[in-house]
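Descriptive analysis of the structure
Below, each chain spelled out in residue letters.
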Amino acid sequence: MNKLLLFAFLFCLISFGAKSQDNFSKNKVIAHRGAWKAQGIPQNSLASLEQAVALQCEGSEFDVWMTADGKLVVNHDADHEGLDIETTTFKELRKHKLPNGEKIPTVEEYLKKGIKQNGTKLIFEIKPSKISTARSEELATKSVAAVQKLKAEKWVDYITFSYEAGLKVIELDPAANVAYLMGNKSPKELKEAGFFGFDYNIKLLREKPEWIKEAKDLGLTVNSWTVNNPEDMKWLLDQGADFITTDEPELLFEILGKR
Ligand code: MG
C-alpha cells in the first residue's frame, strides 16, 4: 500500500512538473515584430511583445542588431531614428526614443520581459551584419550568451538570414532551435547542418511547395514570412505548416477559429 501511495505521489509530481514546464501555446501564430499593427504601437517595442503575449500567440518575433560598442539591441531596420546601429554607440542610440516613449530595447530587457510568462515563445532573429560575416558570428555568440545568462533557452527559438550565424548558434548550443530565413538552402542541406527548420518567404514556398513536404519528411519545422493574406494563410495551413509569421495575428486567429 505504501509503495502504491509513493508511486501515485511520484506520478502526480512528474505530471505536474511536465505541465508547469511547458504551457506554451500551440496555435502556429507567430506575431512578426510583436503584435503592433492593429494596436498602433511601434514594432519590436516591449509593448508589442506584451500585446503578442496578451493575444496568446505561439511566438513573438523580434530583430536583433549589435551596436558599435558591442551591445545587443532590438530593432528591425539597420538604423534607429536615422542612426546606423552597427556604427553608433549604445549610449547615443538610447538618446532617441521610440514613438511610444520607450527606449530602444536591449536584448536583456526583451528577454527578461519574455520569460516572465510561459505561453508565448520568443522568436529571436539574429540580423546579418552589413560590415562582415565575422560580426554576424559575433552577434550570434553574444546572443547565445545572453539567452544562457538569463536561462531563457526554453523560451527562445532563433531565426536568421545569415547561414554562418545560424551555424554558430548550433555549434554553441546544439539543443537550440534554429531556423534559416534566406531560402537558398534545401531542406536536406538544413537537416545535415543541424537546423531545426526553415522560415522561408511565402512567395518562394508557393513556387517550391515540394520543400514543405521534404522538410516534414526530414522532421524539420516549416515556418513562412510575412504572411498577411488570408489565402496564403489558408494554403499554408492546408500544407501543414508548423508556424505562420504574420503582421496580422488577429486575422490568422480568426481563420484558425473557423477551421
Ligand atoms: Mg525579423
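Residues numbered from 1 in each chain as written. Predicted model: local features only at pLDDT ≥ 70, side-chain atom pairs only at ≥ 80, totals over all residues. Heavy atoms only, no water.

1. What to know about the pattern of salt bridges
Keep this limit in mind: We define a salt bridge as a side-chain nitrogen of Lys or Arg found within 4 Å of a carboxyl oxygen belonging to Asp or Glu. Type-normalised accessible area, obtained with a 1.4 Å probe on protein chains alone, sets the label of each residue: buried when under 20%, exposed when over 50%, and partly exposed for intermediate values.
Under the defined criterion, the tally for this structure stands at 16 salt bridges. In this structure, the salt-bridge partner of lysine 258 is glutamate 254, at a minimum N-O distance of 3.6 Å. Judged by relative accessible area, lysine 258 falls into the exposed class, the value being 69%. Among the residues examined, glutamate 254 registers a relative accessible area of 46% and is labelled partly exposed. Through salt bridges with shared partners, a single ionic network connects Asp63, Glu125 and Lys127.

2. Points about the coordination of the magnesium ion
We apply this condition: Note on donors: an N, O or S atom is included if it sits within 2.8 Å of the metal, or within 3.2 Å for Na, K and Ca, and water is never included, so sites can look incomplete. In this text, helices come from DSSP runs of H or I with a minimum length of four residues, and strands from runs of E with a minimum of two, each type numbered from the N-terminal end.
Within the first shell, the magnesium ion binds the protein through Glu61 (OE), Asp63 (OD) and Glu125 (OE), at distances of 2.0 to 2.1 Å. Along the chain, the residues donating to the magnesium ion fall in the pattern E-x1-D-x61-E. Of this pair, glutamate 61 sits in strand 2 (residues 59–66) while glutamate 125 sits in strand 6 (residues 121–126), and the two are 64 residues apart along the sequence. Like glutamate 61, the residue glutamate 125 is buried in the burial classification.

3. Observations concerning the nonpolar core
What counts here: Each nonpolar core is a collection of buried residues, namely Ala, Val, Leu, Ile, Met, Phe, Trp, Tyr and Cys, held together in the definition by side-chain atoms within 4.5 Å. Two residues form a contact once any of their heavy atoms are found within 4.5 Å.
Counting residues in hydrophobic clusters, the biggest one holds 55 residues, and the most contacted among them are Leu111, Phe124, Val156, Tyr158, Phe198 and Leu236. If one sorts the elements of this core by residue count, helix 5 (residues 133–149) sits on top with five residues. For valine 156, the residues in contact, after removing those within four places along its chain, are Leu111, Leu122, Phe124 and Val147. Judged by nonpolar contacts, the second largest core, of seven residues, contains Trp65, Val73, Ala78 and Ile104.

4. A short note on helix 6 (residues 163–172)
Quick note on the threshold: Here the arc refers to the set of directions running from the helix axis out to each C-beta atom.
By the burial criterion, the buried members of helix 6 are Tyr163, Ala165, Gly166, Val169 and Ile170. One side of helix 6 carries all its buried residues, which in axial view fall inside an arc of 165°. Elements in contact with the buried residues of helix 6: strand 6, helix 5, strand 7 (156–160), strand 8 (177–180) and helix 7 (187–193).

5. Describing the environment of phenylalanine 243
Within the secondary structure layout, phenylalanine 243 lies in the loop between helix 10 (230–238) and strand 11 (244–246). With relative accessibility at 13%, the residue phenylalanine 243 sits in the buried group. For the pair phenylalanine 243 and lysine 26, spaced 217 residues apart in the sequence, the C-alpha separation amounts to 9.3 Å.

6. A few points about helix 10
Note: α-helices contain 3.6 residues per turn, so residues at a spacing of three or four share the same orientation. For helix 10, the complete set of buried residues consists of Asp232, Met233, Trp235, Leu236 and Leu237. For helix 10, the secondary structure elements touched by its buried residues are helix 8 (202–207), helix 9 (210–218), strand 10 (221–225), strand 11 and helix 11 (249–257). Among the residues trailing helix 10, glycine 240 stands out with phi positive, at a value near 80°.

7. Looking at the packing of aromatic side chains
Condition: Classification of ring pairs uses Phe, Tyr and Trp, with its six-membered ring standing for Trp, and accepts pairs whose centres are within 6.5 Å; under 30 degrees between planes counts as stacked, over 60 as edge-to-face, and the remaining range as tilted. Two conditions define a charge located above a ring, namely a distance within 6 Å from the ring centre to NZ of Lys or CZ of Arg, and an angle within 35 degrees of the ring normal.
One pass over the full model with this rule turns up 12 aromatic pairs. Ring centres of phenylalanine 196 and phenylalanine 243 lie 6.5 Å apart, and the angle between their planes is 35°; this geometry places the pair in the tilted category. Taken together, the residues phenylalanine 196 in the loop between helix 7 and strand 9 (197–201) and phenylalanine 243 in the loop between helix 10 and strand 11 connect sequence positions 47 residues apart. Pairwise contacts between aromatic rings join Tyr163, Tyr180, Phe195, Phe198, Tyr200 and Trp211 into one cluster. In this arrangement the basic side chain of lysine 71 is found over the ring face of phenylalanine 90, its NZ or CZ atom lying 4.9 Å from the centre.

8. Quick word on the pairing of strand 10
Filter applied, for reference: If DSSP finds at least two bridges between two strands, the strands pair.
Burial runs high along strand 10: four of the five residues are buried. Looking at chain direction, strand 9 and strand 10 are connected through five bridges and run parallel. Its bridge partner being in strand 10, phenylalanine 198 is matched across the sheet by valine 222.

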